[in-house]
Amino acid sequence: MNVAEIRKSALEDVKKAKNVKALEVIRVKYLGRKDGELTKILRSLKDLSVAERKEIGPAANELRGDLEEAFSKKLKEFSASSKRGVVGIDITMPGKKIAVGHLHPLTIIENRIKEIFNSLNFSVVEGPEAETDYYNFDALNIPANHPARDMWDTFWIDSKKLLRTHTSPMQIRYMEKHQPPFQIIVPGRVFRFEATDASHEINFHQVEGLMVGERVTLANFKYVITEFFRQFFGPGTHVRFRPSYFPFVEPGLEVDVMLNGNWLEVMGAGMVHPKVFDAVRYNPRKIRGFAFGMGLERLAMIKYKIPDIRLFYSGDLRFTNQF
Ligand code: FA5
């Protein structure tokens, strides 16, 4: 082979090389110290006539440079492609699906409730889940040994501390630090030591409401709550108020909502009891207020037609992925 032939065949071989090993075989074939095609020519230069040497010498040396460059370029290509897999990037391959998180149904419901009450000029406040029996019971007109304590089966931490059984203790905490008029809601987790079934959990959520001022009446309560449920469940929603008993309200009520022809109990409520105002040093003759407490899970169950409350805490993705 002469220099021109070597150039043609060597560059073609390099181009076709499939891997590093094949490339090395090609390098040895042309530039190998012993029998490399180009090496042989370079070595024979000294036996040539001056005229031939002048012609072939520079061409052979130039080819050696070119081949060395071609080899190192090809080698770089191999190492780059091995970093992203031998086949390189297949731009036609479908992308990997990234799992995107979403809100839990209870969070969706809580956000919606906050939104509606914000539009009715209520602020949102929160309170501690571990309470004292003073805030959870005594200050709410439920003294020790009062039979009404049985209404709330309690997880006691010690003889004074407990896990709050409702969000009502925040009524006291808020009134201790603020003066009327105000209107607040208090969303939060509550705990009850009771047997679970399709509509009862030991750990669930309530939203407390409290509006206090000099001229707050039961009519204000009926308006606010009817408005809330119509925004929450839809404009035609029927709301019913029934007399009931809670020690911290007088009169006490329970509120039902009509859904699919059935009345469903969704909250306890009433006008704040004078003894509760006494506990926070408000003057019960001047100040009036209404309070309510609703179960978040129950509202979510009605809205999304969820048959069993225990599904919320099951962690079952077949359930949560539906929202
Ligand atoms: C109370 O907890 C009162 N604090 C409500 C209240 C506030 C009355 C202010 C007056 C003034 P009750 O125990 O009924 O009341 O609970 C209120 C709501 O919580 C119920 O209507 C129901 O929706 C929900 N609830 C009660 N127990 C459970 C439970 N074990 N699992 C899930 N939801 C529950």
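Residues numbered from 1 in each chain as written. Predicted model: local features only at pLDDT ≥ 70, side-chain atom pairs only at ≥ 80, totals over all residues. Heavy atoms only, no water.

Structural notes on the nonpolar core
Soluble globular proteins tend to bury their nonpolar side chains together. Judged by nonpolar contacts, the single largest core of 38 residues is most densely connected at Ile-113, Phe-117, Phe-229 and Phe-292. Mapped by element, the contributors of at least two residues to this core are α5 (105-119), β5 (203-213), α8 (218-233), β7 (249-259), β8 (262-272), β9 (288-295) and α10 (296-304). Sorting elements by how many residues they give to this core places α8 first, with six residues. Counting 28 residues, the second largest nonpolar core, distinct from the first, contains Ala-148, Leu-162, Phe-248 and Phe-277. (Core = buried A, V, L, I, M, F, W, Y, C linked by side-chain atoms within 4.5 Å. Buried < 20%, exposed > 50% of the residue type's maximum accessible area, 1.4 Å probe, protein only. Helix = DSSP H or I, 4+ residues; strand = E, 2+ residues; numbered from the N terminus.)

Side note on helix α7 (residues 169-177)
An α-helix turns once per 3.6 residues; consequently, residues spaced three or four apart project the same way. When we look at burial in α7, the residues that qualify are Pro-169, Met-170, Gln-171, Ile-172, Tyr-174 and Met-175. Turning to α7, the residues buried within the fold contact β2 (130-132), α6 (133-136), β4 (182-191), β5, α9 (274-279) and β9. (Contact = heavy atoms within 4.5 Å.)

Describing the site of the ligand
Taken together, 26 residues lie around the ligand, and His-166, Ser-168, Arg-192, Glu-201 and Gln-206 are the ones closest in. Between the ligand and Gln-206, the relevant distance is 3.1 Å, taken from an oxygen atom to a side-chain nitrogen or oxygen of the residue. Here an oxygen atom of the ligand sits 3.4 Å away from a polar atom, N or O, in the side chain of Glu-265. Against a free-state accessible area of 670 Å², the protein chains account for coverage of 95% of the ligand. Mapped onto the shell around the ligand, the elements with two or more residues apiece are β5, β8 and β9. Top contributing element to the shell around the ligand by residue count: β8, with five residues. Within the shell around the ligand, the residues separate by chemical class into eleven nonpolar, nine polar and six charged. (Near = heavy atom within 4 Å. Polar contact = N/O pair within 3.5 Å; in protein donor to acceptor, adjacent residues only side chain to side chain. Areas by Shrake-Rupley, 256 points an atom, 1.4 Å probe, with all protein chains shown as cover. Nonpolar A, V, L, I, M, F, W, Y, C, P; charged D, E, K, R; others polar.)

Comments concerning the side chain of Thr-167
Residue placement: Thr-167 occurs in the loop between β3 (161-163) and α7. Within the local environment of Thr-167, its side chain forms a polar contact with the side chain of Glu-208, the two groups lying 2.8 Å apart. Every residue in contact with Thr-167, bar those within four places of it in the chain, is listed here: Val-186, Gly-188, Val-190, Gln-206, Val-207 and Glu-208.

Let's talk about the environment of Ser-9
Looking at the secondary structure, you find Ser-9 in helix α1 (residues 3-16). In contact with Ser-9, other than residues within four places in its own chain, are Met-1 and Tyr-30.

Thoughts on the pattern of salt bridges
In this structure the tally under the stated criterion is 15 salt bridges. Note that Glu-77 and Lys-74 form a salt bridge whose closest N and O atoms lie 3.9 Å from each other. Here Glu-77 pairs with Lys-74, and both are found in helix α4 (residues 50-83), just three residues apart, close to one helical turn. Residue Lys-74 is classed as buried on the basis of its relative accessible area, which comes to 13%. Taken together, the salt bridges that share partners define one network made up of Arg-240, Arg-242, Glu-254 and Asp-256. (Salt bridge = Lys/Arg side-chain N within 4 Å of Asp/Glu carboxyl O.)

Thoughts on the sheet that holds β5
Strand order in the open sheet formed by seven strands is β1-β4-β5-β9-β8-β7-β6, with mixed pairing between adjacent strands. Whereas interior strands pair on both sides, the edge strands pair on one side only; in this sheet they are β1 (123-124) and β6 (239-244). Note that β6 and β7 share six bridges and pair antiparallel. If you follow Pro-243 over to β7, its bridge partner there is Leu-253. (Pairing = 2+ DSSP bridges.)

Side note on the packing of aromatic side chains
Scanning the model with the defined rule gives 21 aromatic pairs in all. Measuring from centroid to centroid gives 5.8 Å for Phe-221 and Phe-241, while their planes differ by 70°, and the two rings are edge-to-face. Here Phe-241 lies in strand β6 and Phe-221 lies in helix α8, a separation of 20 residues in the sequence. The exposure class assigned to Phe-221 is buried, which follows from its relative accessible area of 0%. The partly exposed category is assigned to Phe-241, whose relative accessible area is 23%. Ring geometry for Phe-221 versus Phe-292: centroids 6.2 Å apart, planes at 40°, classification tilted. Residue Phe-221 is located in helix α8, and its partner Phe-292 is located in strand β9; the two are separated by 71 residues in the primary sequence. Phe-292 carries the same exposure label as Phe-221, and that label is buried. The rings of Phe-117, Phe-122, Phe-221, Phe-228, Phe-229, Phe-232, Phe-233, Phe-241, Phe-290 and Phe-292 are connected pair by pair, giving a single aromatic cluster. The aromatic ring of Tyr-135 is capped on one face by Arg-173, whose charged end is 4.0 Å from the ring centroid. (Phe/Tyr/Trp six-rings, centres within 6.5 Å; stacked < 30°, edge-to-face > 60°. Lys NZ or Arg CZ within 6 Å of the ring centre and 35° of its normal.)

Honestly, it's all geometry; don't read function into it.
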